[in-house]
Amino acid sequence: MHRGTMRRAVTPVIVLAMFGLLVGGLFRYAFDESDEASVSNYVRSALDGAALTVIVWATHLYLSARGGWLRRQYHSSSS
């Protein structure tokens, strides 16, 4: 494994996590009633958004890596 490989994989995760934080906070701002607005609700929604974004990204990478195997399996079973 090369030294720079991990660095390239970490950058998209950091960017996507920051995007998820922003979207989670904006979602809470858009859909939360004014009497329920609190810092803890914003932080929770931001962390949920970041976690969901990173999980979706990891799933995408996993399925992309396994995609060739899945296509070969389904192609041979459909023949």
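Residues numbered from 1 in each chain as written. Predicted model: local features only at pLDDT ≥ 70, side-chain atom pairs only at ≥ 80, totals over all residues. Heavy atoms only, no water.

## Digging into the overall build of the protein chain
No. 1: For the protein chain, the helix and strand inventory stands at two helices and zero strands.
No. 2: Each of the 79 residues in the protein chain was classed as buried or not, and the buried ones make up 15%.
No. 3: In the form shown here, the protein chain has an accessible surface area of approximately 6600 Å², with 67% of it arising from carbon and sulfur atoms. (Helix = DSSP H or I, 4+ residues; strand = E, 2+ residues; numbered from the N terminus. Buried < 20%, exposed > 50% of the residue type's maximum accessible area, 1.4 Å probe, protein only. Areas by Shrake-Rupley, 256 points an atom, 1.4 Å probe, with all protein chains shown as cover.)

## Overview of the packing of aromatic side chains
No. 1: By the definition in use, this model includes one aromatic pair.
No. 2: Measuring from centroid to centroid gives 4.8 Å for F27 and F31, while their planes differ by 45°, and the two rings are tilted. With F27 and F31 both in helix α1 (residues 5-31) and four residues apart, this pair spans about one turn of that helix.
No. 3: Taking relative accessible area as the criterion, F31 reaches 63% and is therefore assigned exposed. (Phe/Tyr/Trp six-rings, centres within 6.5 Å; stacked < 30°, edge-to-face > 60°.)

## Let's talk about the side chain of S45
No. 1: If you trace the backbone, S45 turns up in helix α2 (residues 39-78).
No. 2: A relative accessible area of 9% means that S45 is categorised as buried.
No. 3: Non-local contacts of S45, meaning those with residues more than four positions away in its chain, are made with G24 and R28. (Contact = heavy atoms within 4.5 Å.)

## Some words on the pattern of salt bridges
No. 1: For the structure shown, the criterion picks out one salt bridge.
No. 2: Notably, a salt bridge pairs D32 with R28, separated by 3.7 Å at the nearest N-O pair.
No. 3: Its relative accessible area of 18% is what places R28 among the buried residues. (Salt bridge = Lys/Arg side-chain N within 4 Å of Asp/Glu carboxyl O.)

## Side note on the environment of G20
No. 1: Inspection of the secondary structure assignment puts G20 in helix α1.
No. 2: The sequence separation of G20 and A46 amounts to 26 residues, and the corresponding C-alpha distance is 6.8 Å.
No. 3: Once residues within four sequence positions are removed from consideration, G20 is found in contact with A46, G49, A50 and T53.

## Here we look at the side chain of R28
No. 1: Among the structural elements, R28 can be located in helix α1.
No. 2: One polar contact links R28 to S45, side chain to side chain, over a distance of 2.8 Å. (Polar contact = N/O pair within 3.5 Å; in protein donor to acceptor, adjacent residues only side chain to side chain.)

## Focus: a nonpolar patch on the surface
No. 1: On the surface, a cluster of nonpolar side chains totalling about 710 Å² of accessible area is made up of V10, I14, V15, M18, L21, V39, V43 and L47.
No. 2: Contributing elements (two or more residues each) for the nonpolar patch: α1 and α2.
No. 3: Per element, the largest residue contribution to the nonpolar patch is five residues, and it comes from α1.
No. 4: Along the chain, V10 turns up in helix α1.
No. 5: Taking the relative accessible area as the measure of exposure, V10 reaches 35% and is therefore partly exposed. (Patch = residues over 30% accessible without salt bridge, like charges linked within 9 Å, V, L, I, M, F, W, Y side chains within 5 Å.)

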